[in-house]
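# Topology and contacts: notes
What follows is each chain in one-letter form.
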Amino acid sequence: MSRGALSARLRELIEREEVGLLAVMLVRLQRLQEFRLVHGYAASDAVGQAALERIAGLLRPVDELMQVAENEFIALLPNLRDPHHATLAGSRVVRAFEEPLVVAGHSVLAPVAVGISLTPGHGDDADALLRRAELALRDAKKSSLRCAVFAPGTERLAVPYEWLHEALRTNQLEAHFEPILDLRTGRIAGYESLARWDEPGIGPVRPDVFIRLAEDTGLIAELTRWSLNATLRHAAQADPAHGMEFSINISPRVFGQRDIVSQVTGALSVWNVSPDVVTLEVTESALMEDPATSLALLHRLREVGLGIAIDDFGAGYSSLAYLKQFPATQLKIDRSFIYDMRQDTRSARVVRAIIDLGHQLDLNVVAEGVEDMETLDLLRALGCDRAQGYHVGRSQPAEQVVEPLRLPD
Ligand code: G
Ligand code: G
Ligand code: MN
């Protein structure tokens, strides 16, 4: 079913009095791309079909279910007694996908995340409800429950271009540093720089929101320039004797700019930071858009001495063929593989395989999103080199982080 048809159907339901409390439940299957890479399109379509049937089996006869993308389903749940029942339905779906789907003899573990919006409550505009279910789904992915209801106040999608432009111009963004632990020495090896934007009058704007806005509007060049300089300015404050390393996220889109190399080297020399303590984090998807150009630019950055990390490994369209050609120094395992490795031995085995793969390619392997000690211990036992995540430490304003690392005056 198309998005247009879905919106139309949702509008119809909203207008009907007898529908009462209506939930829009967005279910997204994860890891389908991985499966498709191994087993092909027909098999992954079959997984979509099996998932549809599994969800349908959990719904009431009055509920409506449709598949809106290969890995995405929307259920409309009318006449709910109270909002809590929407959460119950969502959690039921999450739990049901803890069991593998069996498709054409293959057993596939495809976990789901569920985002929910409600009307009345979260508006009576069909598109807004769908967007809010999507926002809830992003929260769900970050939560161990894998199911979330839209939380009013978290919505920052409507931030206009002008505000971000102004925020960049007036230096309103702030670099926060998230610690990265060396699992061998038990010491902090360095920090990943994460942009934060707290706009007076509206509150914090989520980075995934403003980074996407920047990418969509061309402000990403400004944002990258800001990010490089803000990170290196703070990095420069740290005494090199501490041996700290600093990682900077680089958006796919900047590989379209040919001067990205001189921008990076320029910022390094302005702040007098050695390239060997700086790693640029790039997602695989970035490299798939225009592999030839991206690879050439990455090779030049590598030649200058910077580290290159493949960020969110396994989450996108992973291609082992490209991985082989990457001048990467580091592999960051996406947190969707980490969060359940304690309970799920298959996840743990996938993590182990990724660690071994990374090591075979001489990459330093970093696990993202480590939320408890058990997972940390498990990763150490599997030979993972580094880890980051809430259990290691949350990000904090860069100023505070570098304060104790300062050069003696
Ligand atoms: O903290 P978390 O919500 O910070 O970040 C969300 C996403 O935003 C992450 O995928 C991260 O890679 C990205 N991100 C954070 N800061 C920056 C930045 O300065 N530049 C780019 N390109 N991406 C960033
Ligand atoms: O895509 P990238 O890996 O650059 O994104 C980093 C993001 O991960 C940031 O949004 C950061 O706030 C978030 N993050 C960091 N540690 C954890 C964690 O332990 N659990 C979860 N759920 N998110 C985390
Ligand atoms: Mn990152």
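Residues numbered from 1 in each chain as written. Chains lettered and ligands numbered in written order. Predicted model: local features only at pLDDT ≥ 70, side-chain atom pairs only at ≥ 80, totals over all residues. Heavy atoms only, no water.

### Looking at the site of ligand 2
Among the 14 residues in the neighbourhood of ligand 2, the closest are listed as Glu192, Arg335, Glu368, Glu371 and Tyr390. Between ligand 2 and Glu192, the relevant distance is 3.0 Å, taken from an oxygen atom to a side-chain nitrogen or oxygen of the residue. For ligand 2, the protein covers 85% of the area, taking 520 Å² as the surface of the free molecule. In the shell around ligand 2, the residues fall into two nonpolar, three polar and nine charged. (Near = heavy atom within 4 Å. Polar contact = N/O pair within 3.5 Å; in protein donor to acceptor, adjacent residues only side chain to side chain. Areas by Shrake-Rupley, 256 points an atom, 1.4 Å probe, with all protein chains shown as cover. Nonpolar A, V, L, I, M, F, W, Y, C, P; charged D, E, K, R; others polar.)

### Some points on the domain arrangement of the chain
Domain boundaries assigned for the chain yield domain 1 (3-149) and domain 2 (161-405). Between domain 1 and domain 2, the contact holds twelve residues from the first and 18 residues from the second. The largest contributions to the domain 1 side of the interface with domain 2 come from Arg31, Arg138 and Lys142, which together make up 37% of the buried area. Asp139 serves as the salt-bridge partner of Arg206, at 2.9 Å between the closest nitrogen and oxygen. Summed over the shared surface of domain 1 and domain 2, the result is two residue pairs in polar contact (both at pLDDT 80 or more). (Domains from an automatic or database assignment. Contact = heavy atoms within 4.5 Å. Buried area = accessible area lost by both parts, 1.4 Å probe. Salt bridge = Lys/Arg side-chain N within 4 Å of Asp/Glu carboxyl O.)

### Description of the site of ligand 1
Inspection of the region around ligand 1 gives Lys142, Leu194, Ala195, Arg196, Pro207, Ile211, Leu223, Ser227, Asn249 and Ser251 as its neighbouring residues. Residue Ser251 places a main-chain N or O atom 3.5 Å away from a nitrogen atom belonging to ligand 1. About the coverage of ligand 1: the protein hides 78% of its 490 Å² of free accessible area. Mapped onto the shell around ligand 1, the elements with two or more residues apiece are strand E9 (188-199), helix H7 (207-217) and helix H8 (220-235). Looking at the shell around ligand 1 element by element, the count peaks at three residues for E9. For the shell around ligand 1, a count of residues per class yields five nonpolar, three polar and two charged. (Helix = DSSP H or I, 4+ residues; strand = E, 2+ residues; numbered from the N terminus.)

### Regarding the sheet that holds strand E7 (residues 147-149)
Judged by pairing direction, the sheet is mixed, and its five strands sit side by side in the order E2-E3-E1-E6-E7 without closing on themselves. Unpaired on one side and paired on the other, strand E2 (64-69) and E7 mark the two borders of the sheet. Each strand of the sheet is rotated relative to its neighbour by a mean of 20°, with strand direction disregarded. For strand E1 (residues 21-29) and strand E6 (residues 112-119), the ladder comprises eight bridges, and the chain directions are antiparallel. Looking at E6, one finds that Val24 is bridged to Ser117. Against the sheet, helix H1 (residues 3-15) makes contact with E1, E2, strand E3 (72-80) and E6, and its axis sits at roughly 155° relative to E2, the strand it touches most. (Pairing = 2+ DSSP bridges. Axes fitted to C-alpha atoms, helices over the stretch in contact; angles between N-to-C directions.)

### Considerations on the coordination of the manganese ion (ligand 3)
Of the protein atoms, only Glu192 (OE), Asn249 (OD1), Glu281 (OE) and Asp311 (OD) coordinate the manganese ion (ligand 3), at distances of 2.1 to 2.5 Å. Positions of the donor residues of the manganese ion (ligand 3) along the chain correspond to the pattern E-x56-N-x31-E-x29-D. With Glu192 in strand E9 and Asn249 in strand E11 (residues 245-249), this pair connects stretches of sequence that are 57 residues apart. (Donors = N, O, S within 2.8 Å, 3.2 Å for Na, K, Ca; no water.)

### Thoughts on the nonpolar core
Judged by nonpolar contacts, the single largest core of 74 residues is most densely connected at Leu164, Leu173, Val351 and Leu379. Ranked by residues supplied to this core, first place goes to H8 with seven residues. When sequence neighbours within four positions are dropped, the list of residues in contact with Val351 reads Ile333, Phe337, Ile338, Met341, Leu379 and Leu382. Of all hydrophobic cores here, the second largest spans 33 residues; its members include Ala75, Ala96, Phe97 and Val103. (Core = buried A, V, L, I, M, F, W, Y, C linked by side-chain atoms within 4.5 Å. Buried < 20%, exposed > 50% of the residue type's maximum accessible area, 1.4 Å probe, protein only.)

### Thoughts on a negative patch on the surface
The grouping of Glu15, Asp124, Asp125 and Asp127 at the surface amounts to a negative patch. Judged by its relative accessible area of 39%, Asp127 is partly exposed. (Patch = residues over 30% accessible without salt bridge, like charges linked within 9 Å, V, L, I, M, F, W, Y side chains within 5 Å. Lys, Arg positive; Asp, Glu negative; His and termini not counted. Charge placed at Lys NZ, Arg CZ, Asp CG, Glu CD.)

### Brief notes about the pattern of salt bridges
When charged atoms on two side chains of opposite charge get close, those side chains can pair. Counted by the stated rule, this structure contains 19 salt bridges. The salt bridge involving Asp63 is made with Arg60; its shortest N-O contact spans 2.6 Å. Note on Arg60: relative accessible area 33%, which makes it partly exposed. A single network of salt bridges, built from pairs that share partners, joins Arg138, Asp139, Arg206 and Asp208.

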